[in-house]
Each structure stands twice: as C-alpha cells, then as structure tokens.
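# Coordinates in review
Here is how the chains run, residue by residue.
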Amino acid sequence: MLNKYARAFFTRVLTPFAAFLIRRGVSPDTVTLLGTAGVVAGALVFFPRGEFFWGTIVITLFVFSDLVDGNMARQLGRTSRWGAFLDSTLDRVADGAIFGGFALWYAGNGNNNVLCAVSIFCLASGQVVSYTKARGESIGLPVAVNGLVERAERLVISLVAAGLAGFHKFGVPGIQILLPIALWVVAVGSLVTLIQRVVTVRRESAEAEAAAEREKASHGSEAAQ
Ligand SMILES: CCCCCCCC/C=C\CCCCCCCC(=O)OC[C@H](COP(=O)(O)O[C@@H]1[C@H](O)[C@H](OP(=O)(O)O)[C@@H](O)[C@H](O)[C@H]1O)OC(=O)CCCCCCC/C=C\CCCCCCCC
Ligand SMILES: Nc1ccn([C@@H]2O[C@H](COP(=O)(O)O)[C@@H](O)[C@H]2O)c(=O)n1
Ligand SMILES: [Mg+2]
Ligand SMILES: [Mg+2]
C-alpha cells in the first residue's frame, strides 16, 4: 500500500537531492552501499543496547537512500540489472540487521524470550516474503500480488514504534509497549502476506501449466490435420 501511494510523494521530495548527488559525481551504487552500511550500523550499534530512539534516528537518516538510489539511476537513464540486484540484495541485509538488532536486545538485557522469538520470526518471514516474489518471477510467473505487509510497511511499523518506544529512556512512562505491539503486528502481517503470495504463485503456476497443455494440444491437432 505504501509502495503504491507514498512512493510518488517521496519521489517528488527526494528528486532534487538525488539530482544534487548526481552533480557531485556520486553513483547510485555508492548510495545503495552507504545507505545499507548506515542502516546496519544504526541497528546493530544501538538496538542491542536498548537505545531505540538514537537507533531509529540513525536508521531513518540512511534508510531513505533506498528511494534515492533508484531515483538517481532513473535520472541518469542508467537503471541496470546489476543495480536492481544490488538494491534488492542489500535490502535483505538491512532488514536482517534491524530485526536482528531487536532480537539481540530481547535475548540480552531486554530479557524476553518470546519477543526475541517474535523478532526472529519477523526477520525470517520478511526475507521469505521477498523471496516468494523473486523466485516466482525467476520461474516466469508475474506474481501479481503485493500483499498486506510489504517491506515499506514492515519498516514503517517497526521503526515508528521503536523510535517512540525510545522515549522511555527520556522518562515517558509505558511507551516502550509500542515495540512489542509493532513486532506482533509485523509478524502476523508478514505471515498473512506470505500466504497471499504463495496462494497467488500456486494459482499462476496452475494457470501457466494449463495454458502450456492447451498450446501443446492445439499443436498436436494441427499436426494431425
Ligand atoms: C522525533 C522522533 C520520533 C520517532 C518516531 C520515529 C520516526 C521515524 C520512523 C520511521 C521512518 C521509517 C521510514 C521507512 C522508510 C522506508 C523507505 C524504504 O526504504 O522503503 C523501501 C520500499 C521498497 O523499495 P524497493 O522497491 O527498493 O524494494 C523492494 C522490496 O524490498 C521488496 O520486498 P517485499 O516488499 O517484496 O518484501 C523486494 O521484493 C524487492 O526485491 C525490492 O526491490 O520503498 C517503498 O515502498 C516506497 C515507499 C516508501 C514509503 C515510506 C513511508 C515513510 C513514512 C513515514 C516516514 C516518517 C519519517 C519521519 C522522520 C522523522 C525523523 C526524525
Ligand atoms: N544502485 C542502483 C539502485 C537501483 N537501481 C534501479 O532502481 C530500481 C529500484 O528503484 P528504487 O526506487 O526502489 O530504489 C532497481 O530495480 C534498479 O532498476 C539501479 O539501477 N542502481
Ligand atoms: Mg532502492
Ligand atoms: Mg531497495
């Protein structure tokens, strides 16, 4: 949903910044790499120590690079298969660090095995959700579904909650409950999305096999005439 409705807005807002980076001779791949490095550092330095406010600020500063890199490539007329591969692969690295950071907190001083398991579930299910689309497309299917909770939703829900939960350290009572709620929402939403995508791939696969059978049968009858 965010990918559909918010992308146009962020494209407008970030286009001048992408143009500025191009003028400074920065390449889209550099933005992809530095953005991921910033997200990974923010997540793994701050989240395992329970510093959710500062972790979220650092991650937010870098995560928008994922919208800037493609924007730069399009302005340059240099979108490439390599760029698409690098972008998607490093998305998985960044997501692993964010949910891994939550899991490390709950496994350590956060001291909550259930929330550690929920964080690991968010990490794994998010990766599998993305894989279903990549694998489906690689076997020639359209995978014409996005589902309830795509990457943008996973990030916005968990980062907004983590950022607000971080105010607990500044004396706001009770607000830290937002992070567990968000993790449960992302976990359930990712499971629903996974089911939506698997069901779509199964239907599209059956339709493709049936179309191939019909094609074979029509060629067979043409040959017999
Ligand atoms: C004062 C402090 C208060 C603290 C409160 C917290 C405030 C900050 C909190 C959160 C900000 C989070 C922003 C998250 C932005 C996410 C942007 C992003 O990277 O989206 C990526 C997404 C997908 O891009 P791609 O097409 O490159 O990736 C594809 C995707 O990964 C597919 O995965 P799948 O969906 O299938 O699982 C892969 O299959 C595919 O391979 C891959 O290519 O981009 C979008 O969806 C575009 C829309 C982005 C919408 C962003 C909305 C941001 C909303 C709120 C921002 C609030 C900012 C506040 C800043 C405050 C700073 C102090
Ligand atoms: N280093 C890069 C990064 C991205 N691309 C191209 O942009 C597409 C992704 O667009 P986003 O707005 O989601 O970043 C990607 O599929 C590539 O075509 C690139 O060429 N080089
Ligand atoms: Mg990108
Ligand atoms: Mg990306």
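Note that the structure is a prediction, hence the values are computed from the model and not measured.

With that settled, the discussion passes to the site of ligand 2. Not every one of the 15 residues close to ligand 2 is listed here, only the nearest: Arg7, Asp29, Asp66, Asp69 and Arg74. The contact in question runs from an oxygen atom of ligand 2 to an N or O atom on the side chain of Arg7, over 2.9 Å. Contact between ligand 2 and Asp29: a nitrogen atom at 2.8 Å from a side-chain N or O atom of the residue. The protein chains hide 83% of the 470 Å² of surface that ligand 2 would expose on its own. When atoms are counted within 2 Å of each cavity's grid points, the one that captures over half of ligand 2 is the largest pocket. Of the residues contributing to the shell around ligand 2, the split by class is 3 nonpolar, 5 polar and 7 charged.

Looking now at the confidence of the model for the protein. Here the protein averages 96 in pLDDT, and 100% of its residues register 70 or above. Listed scores for the predicted complex are pTM 0.92 and ipTM 0.85.

Bringing the coordination of the magnesium ion (ligand 4) into the picture now. Within the first shell, the magnesium ion (ligand 4) binds the protein through Asp66 (OD), Asp66 (OD), Asp87 (OD), Asp91 (OD) and Asp91 (OD), at distances of 2.0 to 2.5 Å. Between the 6 donor atoms coordinating the magnesium ion (ligand 4), the angles at the centre fall across 53 to 155 degrees, so the site counts as irregular. Sequence positions of the donors to the magnesium ion (ligand 4) reduce to the motif D-x20-D-x3-D. Between the magnesium ion (ligand 4) and the magnesium ion (ligand 3), a spacing of 3.5 Å is present, and a bridge between the two is formed by Asp66. Of the two residues, Asp66 is situated in helix H4 (residues 65-76) and Asp91 in helix H5 (residues 81-107); the sequence distance between them amounts to 25 residues.

The topology assignment puts Ala187 in helix H8 (residues 178-224). Here the alpha-carbon distance between Ala187 and Phe121, two residues 66 residues apart in the chain, equals 6.4 Å. What Ala187 contacts, discounting residues up to four positions off in sequence, is Val118, Phe121 and Cys122.

Glancing now at the site of ligand 1. Within the structure, ligand 1 sits among 29 residues, and Ser88, Arg92, Ser130, Arg151 and Arg197 are positioned closest to it. For ligand 1, an oxygen atom lies 3.5 Å from a polar atom in the side chain of Asp66. One of the side-chain N or O atoms of Asp87 is found 3.3 Å from an oxygen atom in ligand 1. Look at ligand 1: alone it shows 1,300 Å² of surface, and the protein chains cover 75% of it. Here ligand 1 occupies the largest pocket. Examining the composition of the shell around ligand 1, we find that 8 residues originate from one element, helix H7 (residues 151-165), more than from any other.

It is worth spelling out empty space enclosed by the protein at this point. Which parts of space are left empty comes out when a probe the size of a water molecule is rolled across the atoms. With the rule as written, the count across this model stands at 2 cavities of 30 Å³ or more. Around the largest cavity, the lining residues are Thr32, Gly35, Thr36, Val39, Val63, Ser65, Asp66, Asp69, Leu90, Asp91, Ala94 and Arg151. Elements supplying a minimum of two residues to the lining of the largest cavity: helix H2 (28-46), H4 and H5. If one sorts the elements of the lining of the largest cavity by residue count, H2 sits on top with 4 residues.

Let's shift gears to the packing of H5 against helix H6 (residues 113-138). Closest axis-to-axis distance for the H5/H6 pair is 7 Å, and the angle between their directions is 170 degrees. Taken together, the axes of H5 and H6 are roughly antiparallel relative to one another. Between H5 and H6, the contacting residues are Arg92, Gly96, Phe99, Gly100, Phe102, Ala103, Tyr106 and Ala107 on the first element and Leu115, Cys116, Ser119, Ile120, Cys122, Leu123, Gln127 and Ser130 on the second.

Looking now at H4. Taking 1.5 Å per residue, 12 residues should reach 16 Å; H4 reaches 16 Å between its end C-alpha atoms and fits that length. For H4, every residue scored as buried is listed here: Ser65, Val68, Asp69, Gly70, Asn71, Met72 and Ala73. Looking at the packing, one finds that the buried side of H4 touches helix H1 (2-23), H2, helix H3 (52-63) and H5. A positive backbone phi angle near 65 degrees is found at Gly77, which sits one or two residues after H4.

What counts, and where the lines are drawn
- Residues numbered from 1 in each chain as written.
- Chains lettered and ligands numbered in written order.
- Predicted model: local features only at pLDDT ≥ 70, side-chain atom pairs only at ≥ 80, totals over all residues.
- Heavy atoms only, no water.
- Near = heavy atom within 4 Å.
- Polar contact = N/O pair within 3.5 Å; in protein donor to acceptor, adjacent residues only side chain to side chain.
- Areas by Shrake-Rupley, 256 points an atom, 1.4 Å probe, with all protein chains shown as cover.
- 1 Å grid on protein atoms, 1.4 Å probe; cavity = no way out; pocket = protein on both sides within 12 Å on 5 of 7 lines; lining within 4 Å.
- Sits in = over half its atoms within 2 Å of the grid points.
- Nonpolar A, V, L, I, M, F, W, Y, C, P; charged D, E, K, R; others polar.
- pLDDT = per-residue confidence, 0-100.
- Donors = N, O, S within 2.8 Å, 3.2 Å for Na, K, Ca; no water.
- Tetrahedral: all angles 85-135°; square planar, octahedral: opposite > 155°, others 65-115°.
- Helix = DSSP H or I, 4+ residues; strand = E, 2+ residues; numbered from the N terminus.
- Contact = heavy atoms within 4.5 Å.
- Points joined across faces, edges and corners; volume = space filled by probe spheres on them.
- Axes fitted to C-alpha atoms, helices over the stretch in contact; angles between N-to-C directions.
- Parallel < 35°, antiparallel > 145°, perpendicular 65-115°, else oblique.
- Expected span 1.5 Å × (residues − 1).
- Buried < 20%, exposed > 50% of the residue type's maximum accessible area, 1.4 Å probe, protein only.

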